Amino acid sequence: FLIRHISGPNTRMGNHQRPPYFFYCHMLRRVVRQSKFRHVFGQAVRNDQCYDDIRVSRVTWDSSFCAVNPKFVAIIIDASGGGAFLVLPLQKTGRIDKVYPTVCGHTGPVLDIDWCPHNDHVIASGSEDCTVMVWQIPENGLENPLSEPVVVLEGHSKRVGIVSWHPTARNVLLSAGCDNQIVIWNVGTGEAMINLEDMHPDVIFSVSWSRNGSLLCTACKDKKVRVIDPRKKKVVAEKDKAHEGARPMRAIFLADGNIFTTGFSRMSERQLALWKTDNMDEPICVQEMDSSNGVLLPFYDPDTSVVYLCGKGDSSIRYFEITDEAPFVHYLNTFSTKEPQRGMGYMPKRGLDVNKCEIARFYKLHERKCEPIIMTVPRKSDLFQDDLYPDTAGPDPALEAEEWFAGKNGGPILISLKDGYASTKNRDLKVVKTKNVLETKPATKAENIPTVPKHVSTPQPSVVSVNHVICMDRVILQDRRIARLEEQVAKVAM
Ligand SMILES: *[C@@H]1O[C@H](CO)[C@@H](O)[C@H](O)[C@H]1NC(C)=O
């Protein structure tokens, strides 16, 4: 087959290397292409700007273990006898004390965390204890351990490995569990609104919302990539053996509606591929990379169309620009260091320093520390570089949860980064429980959405303040803890 070697651009940085790199695509020619991202370079921050002495989780699960927003970095850590993650204000660098308070309400290890894109103080977590919890972080971070979530979302029968907020609708949260189900919650009411239970016969490796959140794409252990309309509960496109190898795949939606995947070939080489959803028979392009065995986690910037691939256990970040010209996925460069990465956080665009022409920032997890890595486009001018910073997704949601569940769509509300991003004030997450989901099976169909009060600013009998919810959940949580302990005792006694 047609295979040829291309080399990455020359760079001044000593910590770049040119990996052997092969691709087979529709068109093959030497790639000499104009791109403003060809000279993007990565740089780790100074030692004193790292977060030190952190016991990064060693749980066996291929999530990123780290979530970042313009205010906080959250890191899943090892915790004896439960599950916990750290939430550090970004400026809280240096050595983190052993007794620094954690978010510690789960009774099993935390597997995935995700910051709400519409509220920088709200984070969701999924755990081995089969629950999803949503947390409100105080304005300046934690002063005491936080064990009481704003709401507990119960419905999965096995561990919950993936949590992901809807990109444009307020309070819509998705979770995927090892029970092979996807549940979509209205966090504002605590209800499981959509349950996709018969679509995946095996473990779901990844779930990604489309740009406006009307569709999902998933990668599953059965080697299929599926495009799903969650509100119609329909698989609208799928590809069997998107990658033929048995090792885990990842699939993400790009802004233009195409799908980008990573996985393994039959010969266990790592691959990336690009797909059109209207015909998934053949990929637009497949490229082979190397034969390492870490899962390639993709991080995508829809504004610049750059994809960064971070292999779990690798010590490098490789990045590519996606265009509609062959070979479609253009290798840009590799940032390498000596230390392997346990996980990786990715800052949303609005959290970057536009004055330094920073186009991406990663939070690399080592065994015992978190090290920010800054990707920069070298430019001489100090002026705002419009071409590097098209308007980007801001923090305001386009829709309320009820509108989205009723069938409405909305693209992200864009903001300019011209004068930098000033983060908004801490808003409390309000939860109005219409029904105690903890007592009922999540069988609510999208078709019969219960009417719930949309705005909670005016006091109504059914409206409970966050504090009341916390109290209510504390009781429920304690009941559940007792029930679990009883179960364990019963097992031991058997
Ligand atoms: C949302 O995205 C879908 C395809 O991904 C598109 O067909 C639809 O027009 C979009 N709707 C809005 C309101 O942006």
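Residues numbered from 1 in each chain as written. Predicted model: local features only at pLDDT ≥ 70, side-chain atom pairs only at ≥ 80, totals over all residues. Heavy atoms only, no water.

- Under the annotation held in an unreviewed UniProt entry, the chain carries the name Coronin and is attributed to Sparus aurata.
- In the Subcellular location (unreviewed entry) part of its UniProt record, the chain is described as follows: "Cytoplasm, Cytoskeleton, Stress fiber".
- Its UniProt record gives the chain a comment under Sequence similarities (unreviewed entry), which states: "Belongs to the WD repeat coronin family." (UniProt positions renumbered as here; feature names shortened; annotations may be inferred.)

1. Notes on the UniProt feature "repeat: WD" (unreviewed entry) in the chain
Line of reasoning, step 1. As recorded in UniProt, the sites labelled "repeat: WD" (unreviewed entry) are residues 103-137, 153-195 and 197-238.
Line of reasoning, step 2. As annotated, residues 103-137 has a helix share of 0% and a strand share of 63%, and its two end C-alpha atoms lie 9 Å apart. (Helix = DSSP H or I, 4+ residues; strand = E, 2+ residues; numbered from the N terminus.)

2. Concerning the sheet that holds strand β11 (residues 122-127)
Line of reasoning, step 1. Overall, antiparallel pairing links the four strands, which are arranged β10-β11-β12-β13 in an open sheet. Each having just a single partner strand, β10 (110-115) and β13 (151-154) make up the two edges of the open sheet. Pairs of neighbouring strands in the sheet enclose a mean axial angle of 20 degrees, with direction left out of account.
Line of reasoning, step 2. Of the strand pairs in this sheet, strand β12 (residues 131-136) and β13 are connected by four bridges, and their pairing is antiparallel. Residue T131 lies in a different strand from β13, and its bridge partner there is E154. (Pairing = 2+ DSSP bridges. Axes fitted to C-alpha atoms, helices over the stretch in contact; angles between N-to-C directions.)

3. A word on unusual backbone geometry
Line of reasoning, step 1. Following A326, the chain continues into P327 via a peptide bond in cis, with omega recorded as 0 degrees.
Line of reasoning, step 2. Relative to the assigned elements, P327 resides in the loop between β28 (316-322) and β29 (329-336).
Line of reasoning, step 3. With a phi close to 65 degrees, S268 is a non-glycine residue in the positive phi region.
Line of reasoning, step 4. As for its position among the elements, S268 is in the loop between β23 (259-264) and β24 (270-275).
Line of reasoning, step 5. The class of S268 is partly exposed, set by a relative accessible area of 39%.
Line of reasoning, step 6. If you check the backbone angles, S305 has positive phi at about 65 degrees while not being a glycine.
Line of reasoning, step 7. Along the polypeptide, S305 turns up in the loop between β26 (296-301) and β27 (306-311). (Buried < 20%, exposed > 50% of the residue type's maximum accessible area, 1.4 Å probe, protein only.)

4. Digging into the packing of aromatic side chains
Line of reasoning, step 1. Enumeration according to the criterion identifies 13 aromatic pairs in this entry.
Line of reasoning, step 2. Here F299 and Y346 contribute two aromatic rings whose centre-to-centre distance is 5.6 Å and whose plane-to-plane angle is 45 degrees, an arrangement assigned as tilted. Within this pair, whereas F299 is found in strand β26, its partner Y346 is found in strand β30 (residues 343-346), the two being separated by 47 residues in sequence.
Line of reasoning, step 3. A relative accessible area of 12% means that F299 is categorised as buried.
Line of reasoning, step 4. When its relative accessible area of 19% is taken as the criterion, Y346 is described as buried.
Line of reasoning, step 5. Through pairs of rings, three or more aromatic residues link up here, namely F299, Y308, Y319, Y346 and F362.
Line of reasoning, step 6. Lying across the ring of F65, K312 places its NZ or CZ 3.7 Å from the centre. (Phe/Tyr/Trp six-rings, centres within 6.5 Å; stacked < 30°, edge-to-face > 60°. Lys NZ or Arg CZ within 6 Å of the ring centre and 35° of its normal.)

5. A closer look at the site of the ligand
Line of reasoning, step 1. All residues adjacent to the ligand are N212, S214 and N409.
Line of reasoning, step 2. In isolation the ligand exposes 360 Å². Once the protein is present, 40% of that is buried. (Near = heavy atom within 4 Å. Areas by Shrake-Rupley, 256 points an atom, 1.4 Å probe, with all protein chains shown as cover.)

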